[in-house]
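# What the coordinates show
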Amino acid sequence: MADPRGFLTTTERELPARRPVPIRLMDYSEVYEKGDPAQLRRQASRCMDCGVPFCHQGCPLGNLIPEFNDAMYRGELPRAVELLHATNNFPEFTGRACPAPCENACVLGINQPAVTIKQVEVSIVDDGFAAGLITPVVPDRITGHTIAVVGSGPAGLAAAQQLTRAGHTVVVFEREDRLGGLLRYGIPDFKLEKHHIDRRLTQMRAEGTRFETGVEIGRDIDFAALQTRFDAVLVATGATVPRDMELPGRGLDGIEFAMDYLVPSNRAQAAEATSAADPSELIDAAGKHVVIIGGGDTGADCLGTALRQGAASVTTLAIGSQPPVERDADSPWPTVPRIFEVQSSHEEGGTRRYLASTTRFVGDDSGRVSGIEVAQTQFADGRRVPTPGTEHVIPADLVLLALGFSGPETAAIDLEAGGRGAFSRGEDYAAAPGVFVAGDAGRGQSLIVWAIAEGRAAAAEVDRFLTGSTRLPAPVRPTDEGFKC
């Protein structure tokens, strides 16, 4: 145990300061300033090393949280790095982009704010890279088996790294021009700067993983050809089909899916052409009244991006009620609570509206959106529906639909569909002989930490399929679910 009295002497969460809002709105750099080592040590000391550490169960990766907290409290960075990477291939991603179900399950959260597990995690990996402690892990033997991984998001990259280290020859196929999936182009730099992805890819290349970018299944190579060419295929394409709103006026110009807005913006921040064929793909919110429908992480990413582009106003609509500031009786520990969250983007500006049911889109004479008609949400027969007579119009020059994703794109991949719009698969992640599915492509829209966990588990099943046995860890099964509220 790091400090037997740590949770008594330090009773509040401490996080690194965020850069001043006026300053950070001038760029797309990460919002947090460099952390204070003494502050981090205090937070690590709050970990109680519980007899039953529920944080292990809250995290699908089973991260060794009390152990790496103890190592950081004692200043043992090499041990902390080793403990962290024992269960997580990419803690620099989860430490920045995961909503931290481990913190929701922290036993200290019964009567105190939870330990800042995410901040300890990201500090370990950043300090580890800076100290030269994170190096390639090259396999000592090559099996001769070949594996194609389709998709370079967190699930695909985790599986590829595990299988490469097991001695297999792995080729990752990515249809975009650069690797990372939605980590690369779906998450703005102010939340995840892309050099974190690049340095991990450098490690993977040194270990022997091969990458092919600009290759789209069904266009550049048939899925059947992949099955013929490789001994096994792992599908990790994610769930990229956006949810839509079929309402009157949906066909008006200026109504865009969130990813159609974020991806070109992120490309532009990488100083790349937004589109080889059409430079006008970039959607600029400058001077516009922006309305974002959907109050989750993607909506917050749209908010921060629009503010940086100089939007005249940004309004975020959520159909449900505003969550409570603290846990209520309906979400007892250690379930995931529905609480009011203030992300960095929410600090920067914009208006958040709740119980707002969109009823139609309003357009001008040119066929472009000019407003959104909304009504007060009411609950009837267990459903959220508009309240008649409460309709009013919110001005909008640009509407962004941040409603989540319904499943993977299935046209080019000949696999059976399963639940939640995802690909069907068995308990061994197999969808067909020699074909496996991991991450959101099989689970449906989920969290980055689940994608990495599934990538690791599916890699173990691929290794078992090819060699008859495996020593790779399998932290989750396809049917596992985390704590829920």
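Just so we're clear, the structure is a prediction, and the values are computed from it rather than from any experiment.

## A closer look at the sheet that holds strand 9 (residues 351-353)
The sheet built from five strands is open, its strands ordered 6-14-7-8-9 with parallel pairing. Since the sheet does not close on itself, it has two edges, and those belong to strand 6 (255-257) and strand 9, each with one partner. Taken over all neighbouring pairs, the strand axes of this sheet differ in orientation by 20° on average, direction set aside. Inspection of the sheet shows strand 7 (residues 289-293) paired to strand 14 (residues 398-401) by four bridges, in the parallel sense. Paired with Ile-292 across the two strands is Leu-400, which belongs to strand 14. Relative to strand 7, helix 15 (residues 297-309) is tilted by about 170°, and along the sheet it contacts strand 7, strand 8 (313-317) and strand 14.

## Digging into the packing of helix 10 (residues 154-165) against helix 18 (residues 448-467)
Helix 18 packs onto helix 10 with a crossing angle of 35° between their chain directions and a minimal axis gap of 7 Å. Note that helix 10 runs across helix 18; the crossing there is right-handed. On the side of helix 10, the interface is formed by Pro-154, Ala-155, Ala-158, Ala-159, Gln-162 and Leu-163, while helix 18 contributes Ile-448, Ala-451, Ile-452, Gly-455, Arg-456, Ala-459, Val-462 and Asp-463.

## A few points about the confidence of the model for the protein
Looking at the protein, pLDDT values average 94 and 97% of them are 70 or higher. Of the regions scoring below 50 in pLDDT, residues 273-278 engages in eight contacts with residues more than four places distant in sequence or in other chains.

## Concerning unusual backbone geometry
As a rule of thumb, non-glycine residues mostly have phi less than zero, and peptide bonds are mostly trans rather than cis. Of note, the amide linkage connecting Trp-333 to Pro-334 takes the cis form, showing an omega dihedral of 5°. For Asp-49, which is not glycine, the phi torsion reads 50° and is therefore positive. Examined against the element boundaries, Asp-49 turns out to sit in the loop between helix 3 (37-45) and helix 4 (54-58). Using a relative accessible area of 38% as the deciding quantity, one classes Asp-49 as partly exposed.

## As for the nonpolar core
Core analysis: the biggest nonpolar cluster contains 73 residues, and Phe-68, Met-72, Ile-124 and Ile-147 have the highest contact counts within it. Counting residues per element, this core draws most heavily on helix 18, which supplies eleven residues.

## As for the packing of aromatic side chains
Going through the model one piece at a time under the given rule, you end up with five aromatic pairs. A centroid spacing of 4.8 Å and a plane angle of 55° characterise the contact between Phe-54 and Trp-333, whose relative ring orientation is tilted. Taken together, the residues Phe-54 in helix 4 and Trp-333 in the loop between strand 8 and helix 16 (344-348) connect sequence positions 279 residues apart. We classify Phe-54 as partly exposed; its relative accessible area is 28%. Seen in terms of ring centroids, Phe-173 and Phe-230 are 5.9 Å apart; in terms of plane orientation they differ by 85°. Their pairing is edge-to-face. A residue pair is termed long-range when its members are at least 10 positions apart, and Phe-173 in strand 2 (residues 169-174) and Phe-230 in the loop between helix 13 (223-229) and strand 4 (232-235) qualify at 57 residues. The same class applies to Phe-173 and to Phe-230, which are both buried. Above the ring of Tyr-73, the side-chain terminus of Arg-41 is found at 4.2 Å from the ring centroid.

## Details of the environment of Asn-89
For Asn-89, the location among the structural elements is in the loop between helix 6 (77-85) and helix 7 (91-97). C-alpha of Asn-89 to C-alpha of Gln-161: the two residues are 72 residues apart in sequence and 7.9 Å apart in space. Within the structure, the side chain of Asn-89 is placed 2.8 Å from the side chain of Gln-161, a separation counted as a polar contact. Among the polar contacts listed, one links the side chain of Asn-89 to the side chain of Gln-162, at a separation of 3.1 Å.

## Some remarks on the sheet that holds strand 17 (residues 435-437)
Here six strands make up an open sheet; going across it, the order is 3-2-1-4-17-16 and the pairing mixed. Both outer strands of the open sheet, strand 3 (210-213) and strand 16 (430-432), are each paired with one neighbouring strand and no more. Across the sheet, the mean angle from the axis of one strand to that of its neighbour is 25°, orientation sign disregarded. With two bridges joining them, strand 16 and strand 17 adopt antiparallel strand pairing. Paired with Ala-432 across the strands is Val-435, a residue of strand 17.

So, how was this worked out
Residues numbered from 1 in each chain as written. Predicted model: local features only at pLDDT ≥ 70, side-chain atom pairs only at ≥ 80, totals over all residues. Heavy atoms only, no water. Pairing = 2+ DSSP bridges. Helix = DSSP H or I, 4+ residues; strand = E, 2+ residues; numbered from the N terminus. Axes fitted to C-alpha atoms, helices over the stretch in contact; angles between N-to-C directions. Contact = heavy atoms within 4.5 Å. Left-handed = near helix turned anticlockwise from the far one by under 90°. pLDDT = per-residue confidence, 0-100. Buried < 20%, exposed > 50% of the residue type's maximum accessible area, 1.4 Å probe, protein only. Core = buried A, V, L, I, M, F, W, Y, C linked by side-chain atoms within 4.5 Å. Phe/Tyr/Trp six-rings, centres within 6.5 Å; stacked < 30°, edge-to-face > 60°. Lys NZ or Arg CZ within 6 Å of the ring centre and 35° of its normal. Polar contact = N/O pair within 3.5 Å; in protein donor to acceptor, adjacent residues only side chain to side chain.

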